[in-house]
Amino acid sequence: SQTIHQWPATLVQPVGSPLSLECTVEGTSNPNLYWYRQAAGRGLQLLFYSVGIGQISSEVPQNLSASRPQDRQFILSSKKLLLSDSGFYLCAWSAGGGGHYGYTFGSGTRLTVV
Amino acid sequence: SQQGEEDPQALSIQEGENATMNCSYKTSINNLQWYRQNSGRGLVHLILIRSNEREKHSGRLRVTLDTSKKSSSLLITASRAADTASYFCGVREADSWGKLQFGAGTQVVVTP
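Notes on the structure follow. (Residues numbered from 1 in each chain as written. Chains lettered and ligands numbered in written order. Predicted model: local features only at pLDDT ≥ 70, side-chain atom pairs only at ≥ 80, totals over all residues. Heavy atoms only, no water.)

### Overview of the pairing of strand S5 (residues 43–50) of chain B
Residue and element names in this part refer to chain B.
So, point 1. Across seven bridges, the pairing between strand S4 (residues 29–37) and S5 is antiparallel. Looking at the pairing, Tyr-35 lines up with His-45 of S5.
So, point 2. The hairpin turn running from S4 into S5, its antiparallel successor, is five residues long, and Gly-40 in that turn takes a positive phi close to 75 degrees. (Pairing = 2+ DSSP bridges. Helix = DSSP H or I, 4+ residues; strand = E, 2+ residues; numbered from the N terminus.)

Written out as structure tokens, the structure is:
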């Protein structure tokens, strides 16, 4: 069965510090991968998506970047965090082929930038 | 860009009652998906309805889609306290690659 792992669950980081959030998927190959951010009490904002190794599409310009060094690994990074980067970050995967299947989400990382 | 817009923002009902929430969107879609999110957790996929479908059922869940009105509804029948969660619709636009755009969700509270 397919599983998705996301860590850490919570993170408190000072402004200006770097960030690295990791997401891995097991039990499937060539998944589509996504990073979303959810502000408190708000909807989900799509940040990045990837259809394959090294292929990253950015939805909104911001202080973050994403990488996919392996087929089932998706990393969200920042060189210098801003207060506005605080939020709940969710990784998700779906079967390839362009959105005909539901997403499976990870359990999320709550990031607080202080 | 935000596509799915859920209504109402919040809903409070008692166990046994039905809960209905709506989702409106702006452009042509390939499919629309409903998800549930318990507090502080990831989203869980509930139902996917394609643009050529009008109604789907899954257990106590019923989803309708009206493409002429660009809207969808999610009905939870005979609600339970465990249904307390936020519900989101995710919209896949017809001309986009597989991306889902979500709204702000409907927060449902079911009291015993």
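### Some thoughts on the interface of chain A and chain B
So, point 1. Contact residues are listed per partner, giving 23 residues for chain A and 22 residues for chain B.
So, point 2. Taken over both partners, the interface formed by chain A and chain B buries close to 1700 Å², and the fraction arising from carbon and sulfur atoms is 54%.
So, point 3. When residues of chain A are sorted by the area they lose upon contact with chain B, Leu-44, His-100 and Tyr-103 of chain A head the list and together hold 27% of the total.
So, point 4. On inspection of chain A and its partner chain B, the count reaches one salt bridge.
So, point 5. A salt bridge links Glu-59 of chain A to Lys-99 of chain B; the nearest nitrogen and oxygen atoms lie 3.2 Å apart.
So, point 6. In this assembly, chain A and chain B are joined by six residue pairs in polar contact (both at pLDDT 80 or more).
So, point 7. Looking at the side of chain A that touches chain B residue by residue, the class counts come to 11 nonpolar, nine polar and three charged. (Contact = heavy atoms within 4.5 Å. Buried area = accessible area lost by both parts, 1.4 Å probe. Salt bridge = Lys/Arg side-chain N within 4 Å of Asp/Glu carboxyl O. Polar contact = N/O pair within 3.5 Å; in protein donor to acceptor, adjacent residues only side chain to side chain. Nonpolar A, V, L, I, M, F, W, Y, C, P; charged D, E, K, R; others polar.)

Read these as geometric descriptors, not functional statements.
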